[in-house]
Amino acid sequence: MDKIIIKNMKIYGYHGVLPREQKEGQLFCIDVEMYTDLGKAGDSDSLEDTVDYSEVYNLVRDIVQSNKFQLIEKLAKTIGKAILQKYNRVDSVKICARKPEAPIEGEFGWVGVEVHLHRERV
């Protein structure tokens with residue numbers, strides 16, 4: 001299956017269990033992989049035959065900025081469900097949501113979750 005990929009979207013949001021995270025916010029990094037058949041778009045060279053990744057970016061940005069979830073699991077699943085609901089040609093989606101500045105004492109690169117959603121399970 002073909003896929004459309006958007007890597008490392010950096011969006012400021014207010015998600016987390018701690019009150020400080022909900023009040024002060026932090027940077028979130030989001031990856032999206034949308035599994036779809038790109039054959040027609042590859043032949044036609046037409047945006048109408050694929051998924052406009054700039055629209056997907058705007059959808060993800062709006063979800064991250066306009067909600068306050070405690071868990072990034074909920075954030076990732078909400079993004080995935082919204083993509084599947086808006087784009088019928090996407091068969092499944094993988095979302096990775098990362099918090100590079102999670103409130104953990106210690107040295108680490110980032111913490112995150114990855115969810116896989118399939119059209120028939122939404």
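Everything discussed here concerns the structure shown above.
Residues numbered from 1 in each chain as written. Predicted model: local features only at pLDDT ≥ 70, side-chain atom pairs only at ≥ 80, totals over all residues. Heavy atoms only, no water.

A.B. asks: An account of the environment of A97 is needed here, citing residue identities and associated values.
C.D. replies: Looking at the secondary structure, you find A97 in strand 3 (residues 92–99). For the pair A97 and L27, spaced 70 residues apart in the sequence, the C-alpha separation amounts to 11 Å. Not counting residues up to four positions away in its chain, the partners in contact with A97 are C29, I30, I72, A76, V111, G112 and V113. (Helix = DSSP H or I, 4+ residues; strand = E, 2+ residues; numbered from the N terminus. Contact = heavy atoms within 4.5 Å.)

A.B. asks: With reference to specific residues and values, describe the pattern of salt bridges.
C.D. replies: Using the criterion set out here, one finds 8 salt bridges in the structure. We note a salt bridge from K99 to E21, for which the minimum N-O separation is 2.6 Å. With K99 in strand 3 and E21 in helix 1 (residues 19–24), this residue pair connects regions lying 78 residues apart in the sequence. The class for K99 is buried, based on a relative accessible area of 9%. Assessed through its relative accessible area of 6%, E21 is described here as buried. The residue K94 makes a salt bridge to E33 at a minimum N-O spacing of 3.5 Å. (Salt bridge = Lys/Arg side-chain N within 4 Å of Asp/Glu carboxyl O. Buried < 20%, exposed > 50% of the residue type's maximum accessible area, 1.4 Å probe, protein only.)

A.B. asks: Can you break down the nonpolar core residue by residue, with the values?
C.D. replies: Formed by 30 residues in total, the largest nonpolar core has its most connected members in I30, V32, M34 and I83. Beyond its immediate stretch of four places on either side in the chain, I83 contacts V32, M34, V56, L59, V90, V93 and I95. (Core = buried A, V, L, I, M, F, W, Y, C linked by side-chain atoms within 4.5 Å.)

A.B. asks: Break down a negative patch on the surface for me, citing the residues and quoting the values.
C.D. replies: Where like charges cluster on the molecular surface, the negative patch consists of D2, D37, D91 and E120. Structurally, E120 is set in the segment after strand 4 (111–118). (Patch = residues over 30% accessible without salt bridge, like charges linked within 9 Å, V, L, I, M, F, W, Y side chains within 5 Å. Areas by Shrake-Rupley, 256 points an atom, 1.4 Å probe, with all protein chains shown as cover. Lys, Arg positive; Asp, Glu negative; His and termini not counted. Charge placed at Lys NZ, Arg CZ, Asp CG, Glu CD.)

A.B. asks: For the environment of K86, give the residues involved together with the corresponding values.
C.D. replies: Here K86 is to be found in helix 4 (residues 72–86). Sequence separation of K86 and V56 is 30 residues, and the distance between their C-alpha atoms is 9.3 Å. With sequence-adjacent residues up to four places away left out, K86 is seen in contact with E55 and L59.

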